[in-house]
Amino acid sequence: MSADSRLDEYQAEAERLVEEVTQEIPDDLIDEVVITESEARYGETESAEELPSDPAHWQVYRAINLVSEDGASADAAARISRMLADDGWAESRVRETEDGRRIADGFRTTIDGGEWYLELTWVKSAPELAETIEVTIVSPPTVRGDAG
């Protein structure tokens, strides 16, 4: 990475955060961690070239299947929300889909001068919905640096 890029440190922090959030869910509520994706994302540029000055950020996405127990997703989301609030993250409702049964809450905080975003998607218990929770963490913007 070039000296101006913070992708390496943002990767480490985003991966640490997703682990911290996951640990907030009691082990007996987790059926399986379905997927974890951790990758640099690059913004639009004026050039077809990949330049060290191109905008970039780090993003981690994790999907977790919970046990088939009414309220498992809501309980896990409430625990995570409390932890984030205790750590100073500001919460807002982002969207409700599937007739209000699928909820996405957004959380923002500043870490070392940069604004971080965490989105927590959970479901209200319903017979046709699996108890799941999804976490997306987006770092503050930086530049590509030497990443390719």
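In case you missed it, the structure is sitting above this.
Description of the structure in this document. Residues take numbers from 1 onward in each chain, read along the sequence in its written order. Thresholds applied to this predicted model are a pLDDT of at least 70 for local features of residues and 80 or more for the giving and counting of side-chain atom pairs; totals over whole chains, interfaces and linings are not thresholded and use all residues. Hydrogen atoms and water are omitted, and side-chain values are computed over all heavy atoms in the structure.

What to know about helix α1 (residues 7-23)
If you check α1, its first and last C-alpha atoms are 24 Å apart, about what 17 residues at 1.5 Å a residue would give, namely 24 Å. Only protein chains enter the calculation, and the probe is 1.4 Å; a residue is then buried if its accessible area is under 20% of its type maximum, exposed if over 50%, and partly exposed in between. Numbered from the N terminus, helices here are DSSP runs of H or I no shorter than four residues, and strands are runs of E no shorter than two. For α1, the full list of buried residues reads L7, Y10, E13, A14, L17, V18, V21 and T22. Working rule for helices: expected span equals 1.5 Å times residues minus one.

Some remarks on the packing of aromatic side chains
Stacked, edge-to-face and tilted labels apply to pairs of Phe, Tyr and Trp rings (six-membered ring for Trp) whose centres lie within 6.5 Å, assigned for plane angles under 30 degrees, over 60, and everything in between, in that order. Applying the stated rule across the entire model yields one aromatic pair. An angle of 80 degrees between the planes, with centres 5.5 Å apart, marks the rings of Y10 and W116 as edge-to-face. Here Y10, found in helix α1, pairs with W116, found in strand β5 (residues 114-123); they are 106 residues apart in sequence, far enough to count as distant. Like Y10, the residue W116 is buried in the burial classification. Whether a charge sits over a ring comes down to the Lys NZ or Arg CZ being within 6 Å of the ring centre and within 35 degrees of the ring normal. Sitting over the ring of Y42, R144 keeps its end group 3.6 Å from the ring centre.

Some remarks on the environment of G113
Tracing the chain through its elements places G113 in the loop between β4 (102-111) and β5. For the pair formed by G113 and P140, sequence separation is 27 residues and the distance between their alpha carbons is 9.1 Å.

Regarding the environment of L118
Along the chain, L118 turns up in strand β5. Classification of L118 by relative accessible area gives buried; the value is 0%. For the pair L118 and I137, spaced 19 residues apart in sequence, the C-alpha separation works out to 4.4 Å. It only takes one pair of heavy atoms within 4.5 Å for two residues to be counted as in contact. Setting aside anything within four residues of it in sequence, one finds L118 in contact with V21, L84, W89, D105, G106, F107, V135, T136 and I137.

Some words on helix α2 (residues 72-86)
The end-to-end C-alpha separation of α2 is 21 Å, in line with the 21 Å expected for 15 residues at 1.5 Å each. Turning to α2, its buried residues number three or more, namely A72, S73, A76, A77, I80, S81, M83 and L84. All buried residues of α2 project into a common sector of 165 degrees when viewed along the axis, lining one side. Looking at the residues trailing α2, positive phi occurs at G88, about 90 degrees. What the arc describes is the spread of directions from the helix axis to the C-beta atoms.

Describing the pairing of strand β6 (residues 132-138)
By the criterion of burial, β6 is predominantly enclosed, with seven of the seven residues buried. In β6, alternate side chains face the same way, and those of T132, E134, T136 and V138 on one face and I133, V135 and I137 on the other are all buried. Both β5 and β6 contribute to a ladder of six bridges, which runs antiparallel. Its bridge partner lying in β6, L118 is registered against I137. Any two strands with at least two DSSP-identified bridges between them are counted as paired.

As for the pattern of salt bridges
For salt bridges, the criterion is a side-chain nitrogen of Lys or Arg within 4 Å of an Asp or Glu carboxyl oxygen. This structure, assessed with the given rule, holds twelve salt bridges. Its salt-bridge partner being R93, residue E96 comes within 3.0 Å of it at the nearest N-O pair. Among the ionic pairs, D105 bridges to R93, the shortest N-O distance being 2.5 Å. Of the two residues, D105 sits in strand β4 while R93 sits in strand β3 (residues 90-97), which places them twelve residues apart along the sequence. For D105, a relative accessible area of 3% puts it in the buried group. Through salt bridges that share partners, E13, R16 and E20 make up one connected network.

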